[in-house]
Structures are given as C-alpha cells and as structure tokens.
Amino acid sequence: MTPLSRRGMLAGAAALAGTGAALSSGSAAAAADARESGDRGHGKAVVFRDVRPLGARKPVDLTVVDGRISDRPAPKGAKVVEGGGRVALPSLVDAHIHPDKTTWGGSWVTRKPASGIADYVAQDVELFKSQQRPVGERAYGLMAHAVTRGTRAMRAHADVAPAYDLAGLEGVAHARDRLRHALDVQIVAFPQHGVVRTPGTAELLEEAARSGLVDFIGGIDPISFDHAMDEQLDLVFGLADRHGVGVDIHLHDRDEKGTKVLRAIIDRTRALSLQGKVTVSHVFCLPNLSDGDLGTMAADLGELDISLTTVAPNESLVLPIAELNEHGVRVGLGSDGVRDAWSPFGNADMLHRTHILGWVTDVRLDEELTDCYRVGAHGGADVMGLKHADFTPGAPADFILVRGEGVPQAIVDMPQRDMVVHGGRVVARDGELV
C-alpha cells in the first residue's frame, strides 16, 4: 500500500479548490474542528485502497489518520477499506435547506394553489397540524437521506413562529444530535411568518437565541413581506450582536426593494462589526443588476465578508457566482424546501443540485461542470466556515466513492453513491446508513 501522493493530486485538487474557508463560531464548524482534531475516532487510521481521487487515472491508497487526509505512510494496523477503483469526490455541502417542513418518508400530500408567501405560510401550518410524525422524526429521515447521497454538512432553517413555538427548532436539533457522527449541521431560527407582522415571533427569536440550539437568527423580506425593514433588521441584528450568533436572511425581492434591503444589511454588518457572520439567501435582486451596479454591490459584500446562497431555481434567478467570487464573496448552493407545503419536488441530493446548477446555466465544458461541483462542495463549506474536503494533506476525510470517469461525468450522470465517508468513517453504503 502507498499513501496518497500529494504531488500527483495537486493539479486535480486545484480545479476544485476555492477561496480559503472563513473562521466561524457555528456548531457545524466547531463540530468539524473537534472531529478533525481527533475527538471522533481518536488515534484511528484507515486506508481506502484502490481509489481515484477526482478521477485520477492511476488508483492510489488514500490514507486517513484521525479523520484527516495524510500524506505519510499508513500506520501499522490501519484498517483497510477496498475502493474497487472507484472515483473519490469531495462530499457536498447543503448551504440552505428546510428539514423541519418536509413530509419526506410519509404519505403523499395533495397541495392547494398558492399565490404568495402568506398562502404558503398558511399551508405550512395546515400541513404541520396534519402530520402524525413529529418534526424530529421527519427531519431525521430527510437529513439521513442527505447523508447517504454524500452531504457532509448543511445549514438547516427551522421555522420559529407562534403556530409552532420552538417545535421545529427542537426537532431539527434532535435530528442533528442523532446524526452527529455523519453530518455537521448549523441551525437557523427562521421567522417564516414574519418578524413584525406576526406578534410573538420576536419573543420566540429571543428565546431561540438564548437556547444554545441555534447558530443563526433568520429574517425574511423585510419590506415586501414584513413591511417593516428597519424594525425587522434592527431586531435580528440586535439579537445576533447580543447573543454572539450569526444572521441568515431570506431575500426574494427581484427589484429595488431587494437592493434597498441588501444595502441596509451591509450597513448593519459594518456598524456592528459582524463581518463573516452574515448570510443572505436567494438574493434574487442581484442577477438583475447592471454590470457596474453588480460590481459595486459585490465589492461591498466581499469587503464585509457577507456570504450568499442560491438554490439555482432557474436561469434568471441563479446568482452570478463567478462575478461574485471575483470580489471575494462566498457563495454556497442549497436544496431549499424538500417535499413540503411549498412544493412536491426536492430530494436533498446535492449532486443532483449541482446537476441543476449546470443545467440552468447551460454549461458544456468540463471545466464549467467542475466549477459547478466546486460550488456544491467548497462554496457551501466556505459559507459554513468549514475546511475544504479537497484531498490535500490535513483536509477532512469527507468524500464519496462512485463508479465513473471523473467530476464532469459524475455531475451529468449522478451515479449511485456506493460509499460515503465522513471524518474517515464509512457512514453510508449503497444508499443506506451504516
């Protein structure tokens, strides 16, 4: 057996490497740091024999020590796992998902027409009341499924509203605890019903911030939905500042209302010195900006290290990722809702989501397809403050093994994840947790 040759892998790893991950106080980053420092599987060494990282032509033996990639010879007595010549790809990161809302694993739900967020919110409540399975069970089913498809980490938004109290938040936290060995999770207390328009929500957000269960306080369309931009943002940013958590705000507006909110978020991030702790999700206003206005906005976002997430819903609403990256803006990819009151679609499979990203942006070239994978694997890691799983020495040993030729083909064909490894531990085989 020979350890992975760094020299032989640097060229391939560079194709998937993005900017360095930002420091984060979030639980997922803390859990990952603990895992990588040896708190999980301390002193254990594993050799994954006969694998091809990033589709390398010549198979190697990938050595993992204490959950991290090693370029040193395997220690005596190391466990051996046969890779069978499969391609090893970095595990993926779901930077935006709503596991508390899902009906995954349950009976089919017939959805009713809806014409806006208020309608969807009302249907959320109806669906919540109709479910016999508690949030924790439904969320666990979806999150476990995500693991089997190669997700190493996710930022999970859980609704906080008087209709649910903190049931959604507590359910997702329970699922996170059950999957701690296989998945790094950050939780957002998300005010889906609005912060100001729904009395009692502000108090619940305060309770959530004090609970120790959340890493971020959320917000939603402060102008078009809550009709109280300054009041919502002052409350959300105030909670983040007082309790040492981050901010992750949904922003769906496609016009000047969206850019006005984004400017207000930039101002508050600067005033409260929350650089690196603020994320804006969806941000549908950015694709509509002129090149000049986009450059100006991106420069401010990059300066304050405000990250963004997209779910690549269609060609006109996907974020201009390359242009944003040029200004140092971290951009992650996510699943959004999965089989909930909002939509019957979704599967929490981030390889499928990278496929969608390539599809809606009409990419053709191998390097363009590889860029899509980079967003799904490393873009989300950057947003969550995690180290890249890029097979370099010291990197977290989070990867999947698939049959195929390499990254571009995997994005197009979406092969079965034959094996999923998290921190050097095999956590799933052939689509099932182990």
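Residues numbered from 1 in each chain as written. Predicted model: local features only at pLDDT ≥ 70, side-chain atom pairs only at ≥ 80, totals over all residues. Heavy atoms only, no water.

Visitor: Which parts of the structure should I look at to understand the overall build of the protein?
Guide: For the protein, the count of helices and strands is 13 helices and 16 strands. Counting only C-alpha atoms and orienting by the principal axes, one finds that the protein spans roughly 65 × 50 × 40 Å. Expressed as a percentage of its 434 residues, the buried residues of the protein come to 58%. Considering only intrachain contacts with a sequence separation of at least 6, the fraction spanning at least 24 residues in the protein is 77%. A total of about 17000 Å² of accessible surface is found on the protein, and carbon and sulfur atoms cover 49% of it. The centroid of the 46 positive side-chain charges in the protein is displaced by 8 Å from the centroid of its 58 negative side-chain charges. (Helix = DSSP H or I, 4+ residues; strand = E, 2+ residues; numbered from the N terminus. Buried < 20%, exposed > 50% of the residue type's maximum accessible area, 1.4 Å probe, protein only. Contact = heavy atoms within 4.5 Å. Areas by Shrake-Rupley, 256 points an atom, 1.4 Å probe, with all protein chains shown as cover. Lys, Arg positive; Asp, Glu negative; His and termini not counted. Charge placed at Lys NZ, Arg CZ, Asp CG, Glu CD.)

Visitor: Would you explain the sheet that holds strand β8 (residues 216-220) in this entry?
Guide: Through backbone hydrogen bonds, the strands of a sheet pair up, either in parallel or in antiparallel fashion. With parallel pairing, the 8 strands of this open sheet are ordered in space as β5-β6-β7-β8-β9-β10-β11-β12. Both edges of this open sheet fall to β5 (92-97) and β12 (331-333), since each of them pairs with a single strand only. Shown here is a sheet whose adjacent strand axes are inclined to one another by a mean of 25 degrees, direction ignored. The sheet contact formed by β5 and strand β6 (residues 151-159) spans 4 bridges and is parallel. Among the inter-strand pairings, Asp-94 is bridged to a residue of β6, identified as Met-154. (Pairing = 2+ DSSP bridges. Axes fitted to C-alpha atoms, helices over the stretch in contact; angles between N-to-C directions.)

Visitor: Got a minute to help me understand helix α9 (residues 291-303) in this structure?
Guide: Structurally, the α-helix is built with 3.6 residues per turn, so residues lying three or four positions apart point the same way. The end-to-end C-alpha distance of α9 is 18 Å, a good match for the 18 Å that 13 residues give at a rise of 1.5 Å each. Those residues of α9 lying buried are Leu-294, Met-297, Ala-298, Asp-300 and Leu-301. Down the axis of α9, the buried side of the element spans an arc of 160 degrees, and every buried residue falls inside it. Along α9, the residues that are exposed and aim more than 90 degrees away from the buried face are Asp-291 and Glu-303. Phi for Asp-305, located one or two positions after α9, is positive at around 55 degrees. (Expected span 1.5 Å × (residues − 1). Arc of directions from axis to C-beta.)

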